[in-house]
Amino acid sequence: MGPLRGKEGVMGRDPEYLAFVRRMAELPPPEDASVAGMRADARRAMAELPRLTVGEVRDVDAGGVPARLYRPEGRDDGPVVVYLHGGGWVIGDVESYDPVVRALVAASGVAFLSVDYRLAPEHPYPAAVDDAERAVRWALSRFDEVGVAGESAGGQIAVSCLLRGVRGPSRLTLIYPALDLRVFPDPLPDPDGIPFAPGGPNQSLDAYVAGTDPADPGLSPLLAPDLSSLPPTLLALAEFDRLRPQGEAFARRLEEAGVPTTVHPGRGLDHGWMSWFPYARAPERALEEVGRQMGGHFTRV
């Protein structure tokens, strides 16, 4: 069964996925709202995801930055995607995102380098971007072809890294990225009545920005004066994500700058769908399709 008509004629979520989102929305708030508590909750949630078998997994030192290299079954060469996980700049690590990266390796057929960049508040901006730059330059020195991908907060880190003048990556993939850090936006109108927190002050965002002007293009790549140096870009969005308008605006700016741009709209999906592939067919299909597009972008797979 396909998506249903919700309020004001907007297409809603399909029934299976909607049931999952409703369960998520009904979860009680965490007892420990500290950064340490949020990190522990996130690790527990991600640990429940299945870990698909891939050809090789090993931890590496990527130019002084801890990282984990994944290779698909039967491949010891080919391109690599440098992957920057999500987590609002304050949570997430290579271990917790291991199931997501394994699923992307299986879907794309290419290697991934998952980067364990430093987190706020211990290491505010620009520490994560510094780590991303070192890891990307390390990959460029060792692989024939390199792509860069970032999910949510990792999308902001990925673009900011490449806008520093890093040349060489042949592809960029942004998965429901945060690209304008001037304000945490209000949620979009929701056809299924799912309650979302209002916009405004945001603990994670404030911890990352830490006094830097959020209009600085290093923090808000949507405001960068020139995007023409970026490689061909795939934007994988989510229809009901408060960050979707930023992604769409960035796609328009890329096209105006002459950057080949593809948009996967993520119809019927929400922010965070990449980690929900085991729970409903809609995010599973989206992950498989985005993975195929990521692999297909390379000239040699």
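Rules behind the numbers
Per chain, residue numbering runs from 1 following the sequence as it is written. Totals for whole chains, interfaces and linings use all residues, but because this is a predicted model, local features are given only for residues with pLDDT of at least 70 and pairs of side-chain atoms are given and counted only at 80 or more. Values reported for side chains reflect all heavy atoms of the structure, with hydrogen atoms and water molecules removed beforehand. To define a nonpolar core, start from buried Ala, Val, Leu, Ile, Met, Phe, Trp, Tyr and Cys residues and group those joined through side-chain atoms within 4.5 Å. Remark: exposure states derive from per-residue accessible area (1.4 Å probe, protein chains only) relative to the maximum for the residue type, with buried under 20%, exposed over 50%, and partly exposed in between. Contact criterion: two residues are considered in contact whenever any of their non-hydrogen atoms come within 4.5 Å of each other. Fitted lines through C-alpha atoms give the axes, limited to the stretch in contact for helices. The angle between two N-to-C directions lies from 0 to 180 degrees. Secondary structure elements follow DSSP: runs of H or I no shorter than four residues count as helices, runs of E no shorter than two count as strands, and numbering proceeds from the N terminus. In this scheme, roughly parallel covers angles under 35 degrees and roughly antiparallel covers those over 145, while 65 to 115 is roughly perpendicular and the rest are oblique. Crossings are assigned a handedness: left-handed for a near helix turned anticlockwise from the far helix by less than a right angle, right-handed for a clockwise turn. Under the scheme applied here, ten amino acids are nonpolar (Ala, Val, Leu, Ile, Met, Phe, Trp, Tyr, Cys and Pro), four are charged (Asp, Glu, Lys and Arg), and all others, including Gly, are polar. Each cavity reported here is a set of points on a 1 Å grid over the protein atoms alone in which a 1.4 Å probe fits but cannot get out, each pocket an open set with protein on both sides within 12 Å along at least five of seven lines, and each lining residue one with an atom within 4 Å of a point. Grid points are joined across faces, edges and corners, and a volume is the space filled by probe spheres set on the points. Any two strands with at least two DSSP-identified bridges between them are counted as paired. The criterion for an aromatic pair is that two Phe, Tyr or Trp rings (for Trp, the six-membered ring) have centres within 6.5 Å, with stacked assigned to planes under 30 degrees apart, edge-to-face to planes over 60 apart and tilted to the rest.

(A) Geometry of the nonpolar core. Counting residues in hydrophobic clusters, the biggest one holds 57 residues, and the most contacted among them are Leu113, Ile157, Tyr208 and Phe250. Other than its neighbours up to four places away in sequence, Ile157 contacts Leu84, Trp89, Tyr117, Ala128, Val129, Ala132 and Tyr208. Counting residues in hydrophobic clusters, the runner-up holds 38 residues, among them Tyr176, Phe277, Met294 and Phe298.

(B) Region of the structure containing the packing of helix 3 (residues 98-108) against helix 8 (residues 281-296). With their axes 7 Å apart at the nearest point, helix 3 and helix 8 run at an angle of 60° to one another. If you check the angle between helix 3 and helix 8, you find them oblique. Crossing geometry of helix 3 relative to helix 8 is assigned as right-handed. Of the residues in helix 8, those touching helix 3 at Ala103, Leu104, Ala107 and Ser108 are Leu287, Glu288, Gly291, Arg292, Met294 and Gly295. For the contact of helix 3 with helix 8, the class distribution of residues is 5 nonpolar, 3 polar and 2 charged.

(C) Quick look at the packing of helix 4 (residues 127-140) against helix 5 (residues 153-162). Contact geometry of helix 4 with helix 5 gives a least axis separation of 9 Å together with a crossing angle of 65°. In this structure, helix 4 crosses over helix 5, and the sense of that crossing is right-handed. Packed against helix 4, whose contacting residues are Ala128, Val129, Ala132, Glu133 and Val136, the element helix 5 presents Ile157, Ser160 and Cys161 at the interface. Within the contact of helix 4 with helix 5, the residues separate by chemical class into 6 nonpolar, 1 polar and 1 charged.

(D) Quick look at empty space enclosed by the protein. For the structure shown, the criterion picks out 1 cavity of 30 Å³ or more. Here the largest cavity is characterised by a volume of approximately 40 Å³. What lines the largest cavity is simply Val81, Gly147, Val148, Arg171, Thr173, Met294, His297 and Phe298. Elements represented by at least two residues in the lining of the largest cavity include exactly strand 5 (146-151) and strand 6 (171-175). Of the residues contributing to the lining of the largest cavity, the split by class is 4 nonpolar, 3 polar and 1 charged.

(E) Expanded view of the sheet that holds strand 8 (residues 261-264). Across the sheet, which stays open at both edges, the 8 strands sit in the order 1-2-4-3-5-6-7-8 with mixed pairing between neighbours. At either margin of the open sheet sits one strand with a lone partner, and together these are strand 1 (56-61) and strand 8. Pairs of neighbouring strands in the sheet enclose a mean axial angle of 20°, with direction left out of account. Across 4 bridges, strand 3 (residues 80-84) lies against strand 4 (residues 111-115) in parallel orientation. Across the sheet, residue Val80 finds its bridge partner in strand 4, namely Ala111. Running over the sheet, helix 5 touches strand 3, strand 5 and strand 6 and is turned about 140° from strand 5. In this fold helix 8 packs onto strand 3, strand 4, strand 5, strand 6, strand 7 (233-236) and strand 8, with an angle of close to 165° to the strand it touches most, strand 8.

(F) Broad picture of the packing of aromatic side chains. Under the definition given, this model contains 9 aromatic pairs. Measuring from ring centre to ring centre gives 6.4 Å for Tyr17 and Trp276, while their planes differ by 40°; the resulting arrangement is tilted. With Tyr17 in helix 1 (residues 15-25) and Trp276 in the loop between strand 8 and helix 8, this pair connects stretches of sequence that are 259 residues apart. Taken as a pair, Tyr17 and Trp276 share a single burial class, namely buried. Within the aromatic cluster, the residues linked to one another by ring pairs are Tyr17, Phe20, Trp276 and Tyr279.

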